[in-house]
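Chain residues, written in single-letter form:
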Amino acid sequence: MKALLPNGIDGLVCASDALAIGAHLAAVQAGRPELPIVGFDNTAAAEALGISSVEQLPERVAAGILEMLMGPEGNKVVRQEPKGLLVEPRLIVR
């Protein structure tokens, strides 16, 4: 971050909220507290610091996997070809 900040970047997207928090702290230290930074996981720490984050909704992923394994009624093991499951993440803007 220290190398990137002087180059005039307009914003940053990080692979996790932990990385976003570190980037935010570096930006504040470099005098750029307004730099838009987005994390991933929507943790309480990102919320407390006002950092935007992508929420991946793990409860929907778990429910979808259980349905694929146990069927829509949830009472039998389904034997079928593997299929995909798309759970759209949400961007939480702060």
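Anything mentioned here points back to the structure above.
Draft legend 1. Seen up close, the sheet that holds strand β1 (residues 12–13). An order of β1-β2-β3-β4 is seen for the four strands of this open sheet, with the pairing classed as mixed. If you trace the sheet from one side to the other, it starts and ends with β1 and β4 (90–92), each paired once. Both strand β3 (residues 52–55) and β4 contribute to a ladder of three bridges, which runs antiparallel. Within the sheet, the bridge partner assigned to serine 53 lies in β4 and is isoleucine 92.

Draft legend 2. A look at helix α3 (residues 58–70). Here α3 is 13 residues long and its end C-alpha atoms lie 18 Å apart, about the 18 Å a rise of 1.5 Å per residue gives. At the exit of α3 stands glycine 71, carrying a positive phi of roughly 80°.

Draft legend 3. Region of interest: the nonpolar core. Formed by Leu5, Ile9, Leu12, Cys14, Ala20, Ile21, Ala23, Ala27, Leu35, Ile37, Ala46 and Ile51, the largest nonpolar core amounts to twelve residues. Top element by residues in this core is helix α1 (residues 17–29). It accounts for four residues. If sequence neighbours within four positions are ignored, leucine 12 has contacts with Met1, Ala23, Pro36, Ile37 and Val38.

Draft legend 4. Here's a closer look at the pattern of salt bridges. Applying the stated rule across the entire model yields two salt bridges. With a shortest N-O distance of 3.7 Å, arginine 32 and glutamate 34 are connected by a salt bridge. Glutamate 55 serves as the salt-bridge partner of arginine 90, at 2.3 Å between the closest nitrogen and oxygen. Note that arginine 90 is positioned in strand β4 and glutamate 55 in strand β3, a separation of 35 residues in sequence.

Here is what the cut-offs are and how they apply
Residues numbered from 1 in each chain as written. Predicted model: local features only at pLDDT ≥ 70, side-chain atom pairs only at ≥ 80, totals over all residues. Heavy atoms only, no water. Pairing = 2+ DSSP bridges. Helix = DSSP H or I, 4+ residues; strand = E, 2+ residues; numbered from the N terminus. Expected span 1.5 Å × (residues − 1). Core = buried A, V, L, I, M, F, W, Y, C linked by side-chain atoms within 4.5 Å. Buried < 20%, exposed > 50% of the residue type's maximum accessible area, 1.4 Å probe, protein only. Contact = heavy atoms within 4.5 Å. Salt bridge = Lys/Arg side-chain N within 4 Å of Asp/Glu carboxyl O.

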